[in-house]
Amino acid sequence: MPGLEDLYREIILDHYRAPRNRGELPVPPAHKVEGFNPLCGDEVVLYLEVDGDTVTDLKISGQGCSISQASTSMMSAAVKGKPVTEARRLIRAFKALMSIHESKLEGEGDGEDLSADLEGVRLGDLEALQGVVKFPVRIKCATLAWNTLQQGLDEFEAGTAPGA
Amino acid sequence: MDRIDVSRIKADFPILEQRVHGKRLVYLDSAATSQKPLAVLDAMDHYYRECNANVHRGVYTIAERATQQFEAARAKVARFVHAREAAEIIYVRNATEAVNLVAYSWARANLREGDPIVLTHMEHHANVVPWQMLAAERGVELRWLPLTDDYRLDLSGLDTLLDGAKLLAVSAMSNVLGTINEIRPLADAAHAAGAHVLVDACQAVPHLAVDVQEWDADFVAFSAHKMCGPTGIGALWARRELLDAMPPFMGGGEMINQVTLEGFVPNEVPWKFEAGTPAIAEAIGFGAAVDYLSDLGMDAVRAHERELTGYALERLGTTFGERLRIYGPLDVNVRGGAISFLFEGIHAHDISQVVDEEAICVRAGHHCAKPLMKVLGVPATTRASFYVYNDEADVDALVAALERAERFFAF
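The structure displayed is predicted, hence computed values, not measured ones.

1. So, the overall build of chain A
A count of helices and strands for chain A gives six helices and three strands. Listing every helix and strand of chain A by position from the N terminus yields α-α-β-β-β-α-α-α-α. When the 164 residues of chain A are sorted by exposure, 41% land in the buried category. Within chain A, counting contacts between residues at least 6 apart in sequence, those at least 24 apart form 70% of the total.

This is the structure:
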């Protein structure tokens, strides 16, 4: 039976209590993107600065449960300063982390397609969020930051970003 | 008035025998949906086993039985809320559908662009969104009755808001704050201003004695699943004269009197508003739920909850003091058994997660009242709500679990 320690690893609580990269960036040149979890009111606001093909700066704000806010903080630390391609790989890898375990729990076949997303990607601190899959209702809390990041990157690339 | 004997009542609800995480299930989310007693489950099962047949159509024996039970349940629901006649009870899927029925059928026929509808800040989305849809489509004006610092309706500006209004739509008991609103004075004020009154009685009908005539309302919506009945069925009570004048809601079989290639003539009330094969088993379950609550007596139900809620508020107050903020009145005479709260600096979701470890079911979120959350200045609250099968041991278990949650997230 999954216990609270599976969900609330110390590193998650650390990011919740002292989130990294909190603040705002001037828009433009940064791009602002917001994500909501309609089920419970979690809110993630990202300020993305992309110069060329690198996420040069990233600031986060918002409010919500410990899982959503910790995931946002951990995402910001993982993505800031990285190439956009690396950021996108991290997004896929994180979502695969959430999904692979899910399909394993349900006894479904191989998560081979998803394994490919995880290969070679160093998740570091993010591995602490693995426990979330044992609490399916909270998966959306963990992925909110990543979906918001993806949306922000997509918007930026499509040129619809106000800062583009 | 017989007092509620919770230990005997718990035995009526098979689900409460469950153990979750090895612990006794403590269900504190009746505001979301109530548990069902065996009598309701048996009634529905019996219908399917013994007299399953479509209603209003067959002349054979079991069809007669099904129809008789279906209509008998309607009469029970009608008596439960003191409707003048059974025909004033329209079966709907739930209270949300009831409000939408009024919006589609009554409002679209009677309201014009610019006509004001008065809502309140404490309304559930079911009593907000249909009117917002109408505003977008028809250009009706939405006005909002605000709240006092004590989480009650601020009636100081009521007359101004009602000036020219065509409808006042208000909750009889808030699913978030627990606040009970006195309907009669609101109805009097609304009628004096020329407005009709719709009451969201979803939390009220399960928890206190409701008399729609005493309220002098025009439309009252409530759901079976919050009052020990099954999901998928609810009721719209409305004045007969209004129902007679309203155009049909959905079209199809059952709601017609006559259909030709050229057109149709609708059936009479209530069937005019009940298109297609209804949720027959559910309606019968609804009737059985009414019987169950009637046997307990709604005054006894209310007395039990008032006492239990008082106990809960007192324990929460003495255990946590200022660290736990309660969003709702503290006076049990003006509130029902739904208690929304937050710890300073701990998100509702996280509280509920820890509490779930103790097999305690509470709700975290916006409770389908996002405008209210905005007014309260919080994204979400945790909510514990009581019903006939809860007792002080349940409250004590909740308090112990909350102590654990507070320690877990202590900074």
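2. Brief notes about the interface of chain B and chain A
Listed by partner, the interface residues are 15 residues for chain B and 13 residues for chain A. Elements with a contribution of two residues or more to the side of chain B that touches chain A: helix H13 (348–357) and strand S16 (363–365) of chain B. Looking at the side of chain B that touches chain A element by element, the count peaks at five residues for H13 of chain B. The residue inventory of the side of chain B that touches chain A, partitioned by class, reads seven nonpolar, six polar and two charged.

3. Concerning the domain arrangement of chain B
All names here are of chain B. Each assigned domain of chain B is listed with its residue range as follows: domain 1 (6–30 + 297–408) and domain 2 (41–295). The straight-line distance from the C-alpha centre of domain 1 to that of domain 2 is 28 Å. For the side of domain 1 that touches domain 2, the secondary-structure elements that each account for two or more residues are helix H12 (298–320), strand S14 (338–343), helix H14 (370–376) and strand S17 (381–385). For the side of domain 1 that touches domain 2, the element with the highest residue contribution is H12, accounting for five residues. The residue inventory of the side of domain 1 that touches domain 2, partitioned by class, reads twelve nonpolar, six polar and five charged.

4. Concerning the nonpolar core
Leu168 and Leu236 of chain B are the most contacted members of the largest nonpolar core, which totals 134 residues. Each of domain 1 (6–30 + 297–408) and domain 2 (41–295) of chain B contributes no fewer than three residues to this core. Excluding anything up to four places from it in sequence, Leu168 of chain B contacts Val118, Leu162, Leu186, Ala190, Ala195 and Val197 of chain B. With 42 residues, the next largest nonpolar core counts Ile12, Met74, Ala128 and Cys141 of chain A among its residues.

5. Side note on the environment of Thr56 of chain A
All names here are of chain A. As for its placement among the helices and strands, Thr56 is situated in strand S3 (residues 54–63). For Thr56 and Val79, which are 23 residues apart along the polypeptide, the C-alpha to C-alpha distance reads 9.3 Å. Not counting chain neighbours up to four residues away, the residues in contact with Thr56 comprise Glu49, Val50 and Asp51.

6. Some remarks on the pairing of strand S5 (residues 116–120) of chain B
Residues and elements named next belong to chain B. Burial within S5 is extensive, with four of its five residues counted as buried. A crossover connection joins S5 to the parallel strand S6 (residues 141–145) through helix H5 (residues 129–138); in handedness this β-α-β unit is right-handed. Relative to strand S7 (residues 167–171), S5 runs parallel, the two being bridged by two bridges. Across the sheet, Ile117 pairs through a bridge with Leu167, a residue of S7.

7. Focus on the sheet that holds S3 of chain A
Residues and elements named next belong to chain A. If you trace the three strands from one edge of the open sheet to the other, you get S1-S2-S3, paired in antiparallel fashion. Every interior strand has two partners, whereas the edge strands, strand S1 (31–37) and S3, have only one. On average, each strand axis in the sheet is tilted by 20° relative to the strand beside it, whichever way the strands run. The pairing of S1 with strand S2 (residues 42–51) spans seven bridges and is antiparallel. Across the sheet, Asn37 pairs through a bridge with Asp42, a residue of S2. Running over the sheet, helix H3 (residues 66–79) touches S1, S2 and S3 and is turned about 165° from S3.

8. Details of H3 of chain A
All names here are of chain A. In this model H3 runs 20 Å from its N-terminal to its C-terminal C-alpha over 14 residues, within 8% of the 20 Å that 1.5 Å per residue would give. Of all the 14 residues making up H3, 13 are buried; the element is thus mostly covered by neighbouring parts of the structure. Gly81, located one to two residues past H3, shows a positive phi value of around 85°.

9. Section: the packing of helix H2 (residues 10–17) of chain A against H3 of chain A
Residues and elements named next belong to chain A. Direction vectors running N to C along H2 and H3 enclose 85°, while the axes themselves pass 8 Å from each other. The orientation of H2 relative to H3 falls into the category roughly perpendicular. Of H3, the residues touching H2 (which contributes Ile12, Leu13, His15 and Tyr16) are Ser66, Gln69, Ala70, Ser73 and Met74.

10. Section: the sheet that holds S14 of chain B
The pairing of strands in a sheet comes from backbone hydrogen bonds and takes either a parallel or an antiparallel form. All names here are of chain B. Strand order in the open sheet made by the four strands is S13-S14-S17-S16, with antiparallel pairing throughout. Looking along the sheet, the strands with just one partner apiece sit at the ends: strand S13 (324–327) and S16. On average, adjacent strands in this sheet sit at an angle of 30° to one another, irrespective of strand direction. Direction of pairing for S13 relative to S14: antiparallel, over a ladder of four bridges. Each residue of the ladder has a partner; that of Leu324, found in S14, is Phe343.

The rules we used
Residues numbered from 1 in each chain as written. Chains lettered and ligands numbered in written order. Predicted model: local features only at pLDDT ≥ 70, side-chain atom pairs only at ≥ 80, totals over all residues. Helix = DSSP H or I, 4+ residues; strand = E, 2+ residues; numbered from the N terminus. Buried ≥ 20, exposed ≤ 12 C-beta atoms within 10 Å, placed from the backbone. Contact = placed C-beta atoms within 7 Å. Nonpolar A, V, L, I, M, F, W, Y, C, P; charged D, E, K, R; others polar. Domains from an automatic or database assignment. Core = buried A, V, L, I, M, F, W, Y, C linked by C-beta atoms within 7 Å. Right-handed = clockwise from strand over helix to strand, strands pointing away. Pairing = 2+ DSSP bridges. Axes fitted to C-alpha atoms, helices over the stretch in contact; angles between N-to-C directions. Expected span 1.5 Å × (residues − 1). Parallel < 35°, antiparallel > 145°, perpendicular 65-115°, else oblique.

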